[in-house]
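Each chain, written out:
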Amino acid sequence: MRVYLDNNATTKIDPLVKVKMQPFFEDLYGNPNSLHQYGIEVRPALNEALGSMYDALNAPDEDDIIITSCATESNNAVLKGIFFKYILNNPEKNHIVTTAVEHPAILDTLLFLQEYGVDVTFVDVDEDGGISPEAIKNAITDKTILISMMWANNETGMIFPIKEVSEIAKEKGILFHSDAVQAIGKLKVDLSDVDVDYLTFSAHKFHGPKGIGGLYVKKGKSLPNLLHGGEQMGGKRAGTLNVAYIVGMGLAMKQAANHVEVMDTKVRALRDKLEDAIAKIPDTIIVGERAKRTPNTILVSLRGIEGESMLWDLNRAGIAASTGSACASESLEANPIMTAIGKGPELAHTAMRLSLSRFTTEDEIDYTIEVFTKAVERLRSISSSYAYTNIAS
Ligand code: PLP
């Protein structure tokens, strides 16, 4: 059996999305900016796709959705855009507040901007992996121009206090960006309820194609162009539109919004079944209160077992999980979130993330429970550090 439990890294394409995209690789290959029939005939599908994105976010039509190549580009566009539009002209407002556990697409961009005089506060998470609105509020100074806080964390699934922080930002007249990559398709993301100025998303995290993402920009909050060139996207982001992928993202986002209920019920129940079984294994620590997490995610630390060893045992049995963000996994570093929530280096190396999707089945979860439990027993029986920690504790 093959079981894919790494859906926070990427997801399989929804079969309906694949079917919807297909004609745009065949007959409908025109450039939508062309004046001839080939260009004209692809425009309705583009408009439909954008309409689905506005609907999925419940965003008013006068706002803007800029199509990008990925969430990384969307995050870069916001942070560098704020720098060029505001900070460069007014160094008195050069302060950005973010969290210590954002994706590298935020953290590394901010480290880069620090070299150009941007002052950044990275607010720490608590030991549950959560963020308190007060901690964000306390980080704000007279110089703060932007708060950038993810909607939900990619490693732990912890949901951050997005509404409260958006209210703090509004009250203080500070711009607010959220990287909602891990929220869309798992939680209700309703922009008529939560007031954000900028919101990042990426199709491959909700059963759409890879290499396409978006940036929602609230009316009146436009940013300078990151990519100059042609007049595409009303001059806001140059580059020939990837029609097939935009069409795919539109349907994937519609499907994602329509399946939030399924995530909250069926997927949550499967996740809880798996989590309950893992929690019964001695010396396991599951990070973050369950009710405060996205319904598909488990981050567990298995004392005495290297995350990578566990990953390979599962992989041999056909089960895909991860030791953390796919962006960091090539370096086999300690899981950064375990470090951030104050777990020692030993636990940071024993972290393992399992993330389900709406395509995960009960049979797959039952099989995973069986393999996982046996793998822990096997690895602990040969782990000298487990024997040591057991005697020591
Ligand atoms: N932001 C978060 C929270 C993510 O989880 C990821 C992907 O892991 C990204 C941004 C980057 O997404 P993309 O691959 O579309 O650039």
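Scroll up to find the structure.
The notes below deal with the structure included here. Since the model is a prediction, treat every value here as computed from it, not as a measurement.

## Let's talk about the overall build of the protein chain
Check the secondary structure of the protein chain and you find 14 helices and 12 strands. Radius of gyration (C-alpha) of the protein chain: 22 Å, near the 21 Å computed for a compact globule of 393 residues. Projected onto its principal axes, the C-alpha positions of the protein chain cover 70 × 55 × 35 Å. Per-residue burial for the protein chain yields a buried fraction of 55% across its 393 residues. If you take every contact in the protein chain between residues at least 6 apart in sequence, the share linking residues at least 24 apart comes to 73%. Here the protein chain displays about 16900 Å² of accessible surface, and carbon together with sulfur accounts for 54% of that area. Averaged over its 39 positive side-chain charges, the protein chain has a centre that lies 2 Å from the centre of its 52 negative ones.

## Here we look at the nonpolar core
Judged by nonpolar contacts, the single largest core of 85 residues is most densely connected at Leu 57, Trp 151, Ile 184, Leu 199 and Phe 201. One finds Leu 5, Ile 278, Met 310 and Ile 319 within the second-largest nonpolar core, a separate group that totals 29 residues.

## Examining the site of the ligand
Around the ligand, the neighbouring residues are Cys 70, Ala 71, Thr 72, His 103, Met 150, Asn 154, Asp 179, Val 181, Gln 182, Ser 202, His 204 and Lys 205. Gln 182 places a side-chain nitrogen or oxygen 2.8 Å from an oxygen atom of the ligand. Here Ser 202 contributes a side-chain N or O atom positioned 2.6 Å from an oxygen atom of the ligand. Here the ligand, which alone exposes 390 Å², has 91% of that area covered by the protein. Residue classes in the shell around the ligand are distributed as 4 nonpolar, 6 polar and 2 charged.

## Notes on the environment of Asp 313
Relative to the assigned elements, Asp 313 resides in helix H10 (residues 307-316). Looking at Asp 313, the relative accessible area reads 11%, which means it is buried. With sequence-adjacent residues up to four places away left out, Asp 313 is seen in contact with Ala 375, Arg 378 and Leu 379.

## Describing the pairing of strand E12 (residues 351-355)
For E12, the tally of buried residues reaches 5 of 5 residues, placing the bulk of the element in the interior. Taking every second residue as pointing to the same face, both faces of E12 are buried, with Ala 351, Arg 353 and Ser 355 on one and Met 352 and Leu 354 on the other. Strand direction decides the pairing type here: strand E10 (residues 297-302) and E12, joined by 5 bridges, are antiparallel. The partner of Thr 297 across the bridge, within E12, is Ser 355.

## A closer look at the pattern of salt bridges
Side chains bearing opposite charge may pair, as long as their charged atoms lie close to each other. A complete count under the given rule lists 23 salt bridges for this structure. In this structure, Asp 193 and Lys 163 form a salt bridge, with 3.0 Å as the shortest nitrogen-oxygen distance. Here Asp 193, found in the loop between strand E6 (175-179) and strand E7 (198-202), pairs with Lys 163, found in helix H7 (residues 162-172); they are 30 residues apart in sequence, far enough to count as distant. A relative accessible area of 43% places Asp 193 in the partly exposed class.

Rules behind the numbers
- Residues numbered from 1 in each chain as written.
- Predicted model: local features only at pLDDT ≥ 70, side-chain atom pairs only at ≥ 80, totals over all residues.
- Heavy atoms only, no water.
- Helix = DSSP H or I, 4+ residues; strand = E, 2+ residues; numbered from the N terminus.
- Rg over C-alpha atoms; globule rule 2.2 N^0.38 Å.
- Buried < 20%, exposed > 50% of the residue type's maximum accessible area, 1.4 Å probe, protein only.
- Contact = heavy atoms within 4.5 Å.
- Areas by Shrake-Rupley, 256 points an atom, 1.4 Å probe, with all protein chains shown as cover.
- Lys, Arg positive; Asp, Glu negative; His and termini not counted.
- Charge placed at Lys NZ, Arg CZ, Asp CG, Glu CD.
- Core = buried A, V, L, I, M, F, W, Y, C linked by side-chain atoms within 4.5 Å.
- Near = heavy atom within 4 Å.
- Polar contact = N/O pair within 3.5 Å; in protein donor to acceptor, adjacent residues only side chain to side chain.
- Nonpolar A, V, L, I, M, F, W, Y, C, P; charged D, E, K, R; others polar.
- Pairing = 2+ DSSP bridges.
- Salt bridge = Lys/Arg side-chain N within 4 Å of Asp/Glu carboxyl O.

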